[in-house]
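# Observations on the model geometry
Below, each chain spelled out in residue letters.
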Amino acid sequence: MAAPRYPRVASFKTLDSFRQHLAALGVTLPLDDAVAHGNDAPLARPLEADGLRAGNRFAILPMEGWDGTLDGRPSELTERRWRRFGESGAKLIWGGEAVAVRHDGRANPNQLVINDDTVGSLTAMREMLLAAHRGSFGRDDDVVVGLQLTHSGRYSRPDAGGPHPRIAYRHPLLDCRVKIASDAACFIDDELDRLVEIFVARAALAARAGFQFVDIKHCHGYLGHELLSARSRPGRYGGSLENRTRFLRSIVEGIRATTPQLRIGVRLSVFDMVPFRDTGDGIGEPERVSGEYTSAFGLTPAGGDAVLDDADALLAEFERIGISWVCTTAGSPYYNPHIQRPALFPPSDGYTPPEDPIVGVARQIHATAGLKARHPRLVFVGSAYTYLQEWLPNVAQAVVRTGMADSVGLGRMALTYPELPADVLAGRKLQRQRVCRTFSDCTTAPRNGLVSGCYPLDPFYAAHDQAIALKEIKERARER
Ligand SMILES: Cc1cc2nc3c(=O)[nH]c(=O)nc-3n(C[C@H](O)[C@H](O)[C@H](O)COP(=O)(O)O)c2cc1C
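For the structure given in this document, a descriptive report is provided here. Bear in mind the structure is a predicted one, so any value in this text is a computation, not a measurement. (Residues numbered from 1 in each chain as written. Predicted model: local features only at pLDDT ≥ 70, side-chain atom pairs only at ≥ 80, totals over all residues. Heavy atoms only, no water.)

## Topic: the packing of aromatic side chains
Centre-to-centre distance and the angle between the planes together describe a pair of aromatic rings. With the rule as written, the count across this model stands at twelve aromatic pairs. With 5.7 Å between their ring centres and 90° between their planes, Y222 and Y334 make a pair best called edge-to-face. Note that Y222 is positioned in the loop between β7 (213–216) and α5 (223–228) and Y334 in the loop between β11 (325–329) and α9 (337–340), a separation of 112 residues in sequence. Taking relative accessible area as the criterion, Y222 reaches 6% and is therefore assigned buried. Residue classification places Y334 among the partly exposed residues on the basis of a relative accessible area of 22%. Relative to Y351, the ring of F276 has its centre 5.9 Å away and its plane inclined at 25°; by these criteria the two rings are stacked. Of this pair, F276 sits in strand β9 (residues 276–278) while Y351 sits in the loop between α9 and α10 (357–374), and the two are 75 residues apart along the sequence. Y351 carries the same exposure label as F276, and that label is buried. Among the aromatic side chains, those forming a connected cluster through ring pairs are F12, F18 and W391. Taking the ring centre of F460 as reference, the NZ or CZ of R80 above it sits at 4.0 Å. (Phe/Tyr/Trp six-rings, centres within 6.5 Å; stacked < 30°, edge-to-face > 60°. Helix = DSSP H or I, 4+ residues; strand = E, 2+ residues; numbered from the N terminus. Buried < 20%, exposed > 50% of the residue type's maximum accessible area, 1.4 Å probe, protein only. Lys NZ or Arg CZ within 6 Å of the ring centre and 35° of its normal.)

## Re the nonpolar core
In terms of nonpolar packing, the biggest core is built from 113 residues, with F247 and L388 touching the most fellow members. By residue number, the principal contributor to this core is helix α4 (residues 189–208), which donates ten residues. Apart from residues lying up to four places away in sequence, L388 is in contact with V9, F18, L29, I358, V361, I365 and V395. (Core = buried A, V, L, I, M, F, W, Y, C linked by side-chain atoms within 4.5 Å. Contact = heavy atoms within 4.5 Å.)

## Things to note about the environment of H164
With respect to the helices, strands and loops of the structure, H164 is situated in the loop between β6 (144–150) and α4. In this structure, the C-alpha to C-alpha distance between H164 and K179, residues 15 residues apart in sequence, is 9.5 Å.

What follows is the structure, encoded as structure tokens:
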């Protein structure tokens with residue numbers, strides 16, 4: 001492992017030294033001196049909106065493991081991950097993981113798919129999660145579980161043969177990265193109409209499986225997100241904001257008409273940057289853009305504060321159409337991973353982060369707070385807290401206590417140390433040896449066709465057959 005460019009969070013042994021580091025970076029983050037526990041603690045308070053009630057302020061963010069069966073069902077590895085989500089103590093499970101609505105929309109041949117054949121397995125897996133929660137905490141009536149529905153669009157790779165991208169519009173910088181050379185990959189309007197119907201039908205299946213809400217995924221460069229920046233697309237799904245949100249609105253209308261009891265949430269990349277690439281020395285650098293760049297939703301200058309005008313306009317639309325639950329995230333793991341999941345060590349297809357990862361954490365936290373201030377009636381679940389490591393609970397409490405977000409979502413930390421919420425809420429000392437140090441193996445493994453999991457810190461994955469293959473891949477990459 002190459003020496004990191006930035007000081008490790010674990011090297012700040014006291015809150016004061018961490019505060020000094022933030023000050024030296026010019027980063028402001030809310031940070032409580034002590035984390036409270038007990039029923040009145042800020043992180044222990046229930047969260048209620050739109051007929052859903054989650055018993056505390058921790059959420060588990062959606063995370064795929066690239067470990068479903070070829071026909072789209074969960075495997076034992078998938079079930080293990082969901083059981084651990086149940087044991088975490090978080091009362092909101094935001095989406096579980098991205099589940100494709102159709103085979104062609106899978107991001108990898110092992111992504112889960114929801115259809116008539118797989119719905120029984122998804123039902124069972126949701127029940128496993130709740131049983132695990134009951135086993136640890138004695139009840140599950142205050143747990144909200146949603147399912148994330150997606151079409152992977154530009155990042156579709158449904159079969160072992162390789163990528164099979166389907167796109168919203170021709171992109172000046174990303175087309176060559178996924179080897180698109182003609183308009184053939186573009187969805188035509190009629191195909192998007194049909195896809196809306198599929199989303200609506202799959203949402204009805206999710207309700208049948210017992211999920212209380214579906215997340216109509218609009219983040220990370222997948223189809224829903226790409227449509228939001230389809231300014232150059234002609235026709236009914238491109239150009240104006242009204243057209244660019246037609247896909248989402250039509251799905252929402254369809255769900256309301258067919259499955260009115262099902263609640264709807266949206267995971268949204270609230271800002272974006274131009275794609276980054278590895279420069280000769282490995283450090284990420286924004287691609288050079290000639291002329292005006294219109295292919296981003298929430299275009300934010302590299303290294304700058306989040307630009308929120310696009311998200312602001314979209315959230316006004318959410319309020320108008322009655323979507324109350326929003327999970328904020330940013331950018332894409334494919335073309336600007338450092339803003340999406342800040343990490344000290346890049347994944348194999350990434351680059352050395354061009355900024356201290358804490359800057360990326362703060363950018364997402366402040367973006368969420370800015371949007372919460374503008375849309376106080378919406379419920380906001382924030383992301384990108386994992387890199388805070390030891391100080392995650394102090395920041396999480398301060399954020400929730402001061403209303404900068406309603407719930408704190410945990411991604412990678414839930415792979416290494418899922419019971420962190422339970423430990424925090426019970427006032428137990430953090431298990432430091434289980435804290436995620438952002439080695440990015442959970443991304444490097446699937447980028448190389450292996451299952452995702454925490455190989456460095458979860459003994460189960462450390463002992464997994466694929467750990468050896470991963471080690472070899474990383475060694476080869478270092479020699480290059
Ligand atoms: C292995 C892995 C799989 C992920 N899969 C999904 C996914 O299926 N859907 C999604 O919206 N985000 C996904 N994400 C992004 C996370 O939900 C989260 O936004 C990101 O890891 C930042 O949060 P963190 O700092 O707590 O890790 C994934 C992240 C990782 C590391």
